[in-house]
Amino acid sequence: MSPGRYPHPRPLGSTLCSNVLCILLLFFSIVISCRAVNPSHSLPQGQDPPCLAFSPTFTNMDSKNNSKSSEKISEVASLRCAFDLFDANFFNGEKIREVAKGAKEFNIPIIRANRKLVASVNGGLNNPSYLVFNPEWGSEKPQSIDKRFSYPSVSGTKRPESEEDIAFMSVLELGDLIKTKQITSEELTNIFLRRLKRYYHVLEAVVSYTEELAYKQAREADALLAQGMYLGPLHGIPYGLKDIISVPKYKTTWGSKTFKDQVLDIEAWVYKRLKAAGAVLVAKLVSGSLAYDDIWYGGRTRNPWNIEEFSTGSSAGPAACTSAGMVPFAIGSETAGSITYPAARCGVTALRPTFGTVGRTGVMSISESLDKLGPFCRSATDCTVILDAIRGRDPDDPSSRDSPLDDPFLVDITKLTVGYLDDAEEEVVHILATKGVNMIPFKLNYTVESVQGILNFTMDVDMLAHFDEWQRSGQDDDYESHDQWPTELQRARMIPAVDFIQLSTIVVQGALQVPGNQPTSRHHQWLYTIASDGRRLWLCLSSLNAQRARGKLTREVKESFEVDAFIGNATDWEKVCMGNLVGMPVIVVPTGFTNISNPPHGGSRRRTTVTTGIYAPPHRDHIALALAMAYQSATDHHKQCPPIDDLGPNDSIPNPPTVIYPTRLLHH
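Scoring rules and cut-offs
- Residues numbered from 1 in each chain as written.
- Predicted model: local features only at pLDDT ≥ 70, side-chain atom pairs only at ≥ 80, totals over all residues.
- Heavy atoms only, no water.
- Axes fitted to C-alpha atoms, helices over the stretch in contact; angles between N-to-C directions.
- Helix = DSSP H or I, 4+ residues; strand = E, 2+ residues; numbered from the N terminus.
- Parallel < 35°, antiparallel > 145°, perpendicular 65-115°, else oblique.
- Left-handed = near helix turned anticlockwise from the far one by under 90°.
- Contact = heavy atoms within 4.5 Å.
- Nonpolar A, V, L, I, M, F, W, Y, C, P; charged D, E, K, R; others polar.
- Buried < 20%, exposed > 50% of the residue type's maximum accessible area, 1.4 Å probe, protein only.
- Pairing = 2+ DSSP bridges.
- Salt bridge = Lys/Arg side-chain N within 4 Å of Asp/Glu carboxyl O.
- Disulfide = S-S within 2.5 Å.
- Polar contact = N/O pair within 3.5 Å; in protein donor to acceptor, adjacent residues only side chain to side chain.
- Phe/Tyr/Trp six-rings, centres within 6.5 Å; stacked < 30°, edge-to-face > 60°.
- Lys NZ or Arg CZ within 6 Å of the ring centre and 35° of its normal.
- pLDDT = per-residue confidence, 0-100.

**Some thoughts on the packing of helix 14 (residues 451–466) against helix 19 (residues 573–582)**
How two helices sit against one another is set out by the angle between their axes and by the gap between those axes. Between helix 14 and helix 19, the shortest axis-to-axis distance is 9 Å and the interhelical angle comes to 55°. Classified by the angle between their axes, helix 14 and helix 19 sit oblique to one another. The crossing of helix 14 and helix 19 is left-handed. On helix 19, the residues touching V451, Q452, I454 and L455 of helix 14 are W573, E574, C577, M578, N580 and L581. For the contact of helix 14 with helix 19, the residue count by class is seven nonpolar, two polar and one charged.

**A few points about helix 19**
When you tally the buried positions in helix 19, you get nine out of 10 residues, the bulk of the element. Buried within helix 19 we find W573, K575, V576, C577, M578, G579, N580, L581 and V582. G583 lies just past helix 19 and shows a positive phi near 90°.

**What to know about the sheet that holds strand 16 (residues 586–595)**
Two pairing modes exist for strands in a sheet, parallel and antiparallel, and in both the strands are linked by backbone hydrogen bonds. As summarised here, the arrangement of the 11 strands in space is 1-3-2-8-10-9-16-17-15-11-12, forming an open sheet in which the pairing is mixed. Two strands bound the open sheet, and with one partner strand each, they are strand 1 (206–209) and strand 12 (438–441). Between one strand axis and the next, the sheet turns by 30° as a mean value, whatever way the strands run. Relative to strand 3 (residues 280–285), strand 1 runs antiparallel, the two being bridged by three bridges.

**Observations regarding the pattern of salt bridges**
Per the stated rule, a full pass over the model turns up 26 salt bridges. We note a salt bridge from R97 to E75, for which the minimum N-O separation is 3.1 Å. Residue R97 is located in helix 3 (residues 93–118), and its partner E75 is located in helix 2 (residues 63–85); the two are separated by 22 residues in the primary sequence. Owing to a relative accessible area of 34%, E75 belongs among the partly exposed residues under this scheme. One salt bridge in this structure joins D243 and K284, with 2.9 Å as the shortest N-O distance. Taken together, the positions of D243 in the loop between strand 2 (238–242) and helix 9 (269–276) and K284 in strand 3 put the pair 41 residues apart, joining distant regions of the chain. For the pair D243 and K284, a shared accessibility class is recorded, and that class is buried. One continuous salt-bridge network, built from bridges that share partners, spans R148, D388 and R391.

**Quick notes on the state of the cysteines**
Disulfide: a covalent bond formed between the sulfur atoms of two cysteine residues. Summed over the entire model, instances satisfying the criterion amount to zero disulfides. Cysteine C377 shares no disulfide, and the gap to the nearest cysteine sulfur, in C383, comes to 3.7 Å.

**Describing the environment of T458**
Note on placement: T458 falls in helix 14. The buried category is assigned to T458, whose relative accessible area is 5%. Distance in space between the C-alpha atoms of T458 and L370 is 8.4 Å, their sequence separation being 88 residues. One polar contact links the side chain of T458 to the main-chain carbonyl oxygen of I454, over a distance of 2.9 Å.

**Remarks on helix 10 (residues 316–323)**
Of all the eight residues making up helix 10, eight are buried; the element is thus mostly covered by neighbouring parts of the structure. All buried positions along helix 10 are accounted for by A316, G317, P318, A319, A320, C321, T322 and S323.

**A look at the side chain of E309**
For E309, the location among the structural elements is in strand 7 (residues 306–310). Assessed through its relative accessible area of 7%, E309 is described here as buried. Among the polar contacts listed, one links the side chain of E309 to the side chain of N303, at a separation of 2.9 Å.

**Some words on the packing of aromatic side chains**
In the structure shown here, the tally under the stated rule is 17 aromatic pairs. Each ring, one from Y239 and one from F329, has its centre 5.2 Å from the other, and the planes form 5°; the classification is stacked. Of this pair, Y239 sits in strand 2 while F329 is found in the loop between helix 10 and strand 8 (330–334), placing the two residues 90 residues apart along the sequence. Just as Y239 is buried, F329 falls in that class too. Positioned above the aromatic ring of Y209, the side-chain terminus of K197 is 5.5 Å from the ring centre. Above the plane of the ring of F133 lies R550, whose end atom (NZ or CZ) is 4.0 Å from the centre.

**Some details on the pairing of strand 15 (residues 565–568)**
Neither face of strand 15 is open: one carries A565 and I567, the other F566 and G568, and all of them are buried. One ladder, built from three bridges, connects strand 15 with strand 17 (residues 607–615); its direction is antiparallel. Bridge assignment links I567 to a residue of strand 17, and that residue is I614.

**Concerning the pairing of strand 7**
With five of five residues buried, strand 7 lies mostly within the body of the structure. Looking at chain direction, strand 6 (residues 302–303) and strand 7 are connected through two bridges and run antiparallel. Within strand 7, the position partnered with N303 by the bridge is N306. With antiparallel pairing between neighbouring strands as the criterion, strand 6 and strand 7 make up a hairpin whose turn holds two residues.

**Comments concerning unusual backbone geometry**
Positive phi, close to 50°, is recorded for E204, a residue that is not glycine. Inspection of the secondary structure puts E204 in the loop between helix 7 (200–203) and strand 1. You can call E204 partly exposed: its relative accessible area is 22%. Of note, A291 is a non-glycine position whose phi angle comes to about 60°, a positive value. Residue position: A291 is located in the loop between strand 3 and strand 4 (295–296).

**Topic: the confidence of the model for the protein**
Of all residues in the protein, 77% have pLDDT values of 70 or greater, and the mean over the chain is 82. Low confidence marks residues 497–543, where pLDDT is under 50. Its contacts with residues over four positions away, or in another chain, come to 106 contacts. Within the model, pLDDT remains below 50 along residues 658–668, and this stretch shows 44 contacts once partners closer than five positions in the same chain are excluded.

**Some points on the side chain of Q217**
Position of Q217 among the secondary structure elements: in helix 8 (residues 211–226). The class of Q217 is buried, set by a relative accessible area of 7%. Looking at Q217, its side chain comes within polar contact range of the main-chain nitrogen of L281, at 3.0 Å. Those residues in contact with Q217 that sit more than four places away from it in its chain are Y271, K275, A279, V280 and L281.

See the structure below:
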């Protein structure tokens, strides 16, 4: 935008308002079919009636004037229908026509130019938004990222005779086998590739095998060890990545048939971190289509503990494969439930870290202020090891940071006060209390009633900004389940912030090179833009109403969070929305099993998993991890293996499943 165009800076509100109004023009072709709203609707004095709710009669007027007046009335009536869709039907007729004229002549050309510049490629991989959400509650200073966690010593591990037993060993146990040269990384890689292929058709949890790359990385790990170089506990350990995480030369399909042949020449930051730690990538694992639930172009991923069930959540592949011993660990993602839901359903331990802890370069984006990457593992100890390898600031992800985490292995849990909600698992509360934790009843209080709506607006608008071209080109017609993203993003088109996201990406990127001082506030997050005279103008993110409500929620949760952590249901939808909006970490922990309903004659070994969540404030992931490790040190629920090969005497794998679960909306 040329400084000469505006002699004075335009306020943020007018820019946002203009973008709101320009969307109206998208509906001009359909609003003629609108019909009147409630005719008894009261209007301010001088305001025209609602759309098409009147039938004027003209007398004693020139026919030409009659025609022009009729056209104006028809135009205003049509426009008023569109204004109703935005809850903005308060202008009089003349102002409505002025708004439409200004939007058509001024806003649309700018928006189209901005869209062409930053929104012509789907997925949000390029031009990240600099409207950065910061979940910090205080003034914590990050420790040096070079200071790694002090892992517990593992020694004396013996190689089991059975490959099945090897497949369900922990990361630290497998690492000890490699370090002591009882098994090579190449052997281990071969074991897990065979298991991935063996259960592929049962679970529908694998998108592609990275076999050539895996054996190359495994041989390199073995060669380094032969030279006396040991990279740490992940040296030579196989793993899988959710298929929204890009790896050069391999397909990154995002779970969608529209993109099933897509190969991105991008090395994701989290993949770089794991490669540097010596880990071996063996497979790209299922993501629900465009990271929505468990339906993908190749089928629908099932739960290894009960193959009549689907896994739920878009990190379906990482959860199912870790549960079934097809990989020792996997990396998934969550925007709103896609780590917590499949981890709970498939009975694995998984960590949704504090927002910003793990860099997201090279990862398909839904919402840049909500997306998080986290590990699916056999235990909280394994989650801690993986988090240590992948945490740290990603220079190409503006939201990532060096999180000020303490060492989870050094936390003294006897000094902690931990709350438990009404839906907490009693066994967890009891065991932590016996280990010296001060356990107290707790309730998290906040007055914001629209938590789920705030998350919906934030997530759907951001998603549409990243897949604007996908919708405009009609590719949403080919989506795997029309009642998921296509329906949500059609609705999101009616939220005017979509094009504001495109505009702000350009403006603020250009602003980054200009020096200036950032204002301080404990309650707000800040971004900046440039005035026409070159001054840096700081703009508060909470100037957007939904984000102001999000800010209010964050403040109230912070004030109510009077404990070091709390225990509660990990899949309660309100908690899922609240936790993701605030950016707080939670670890999902298996706490037991129950019998399935309606088992076959003779019984079944299939089970329904029971889990709980341990929540901590942002950047206190180490507390949640320490508590989970303490609980698991006294239980063995996390060590159990699903009965994929041994269902029961009269049990079999149904195809298709006999129990059909309705689509879980909004679990991204």
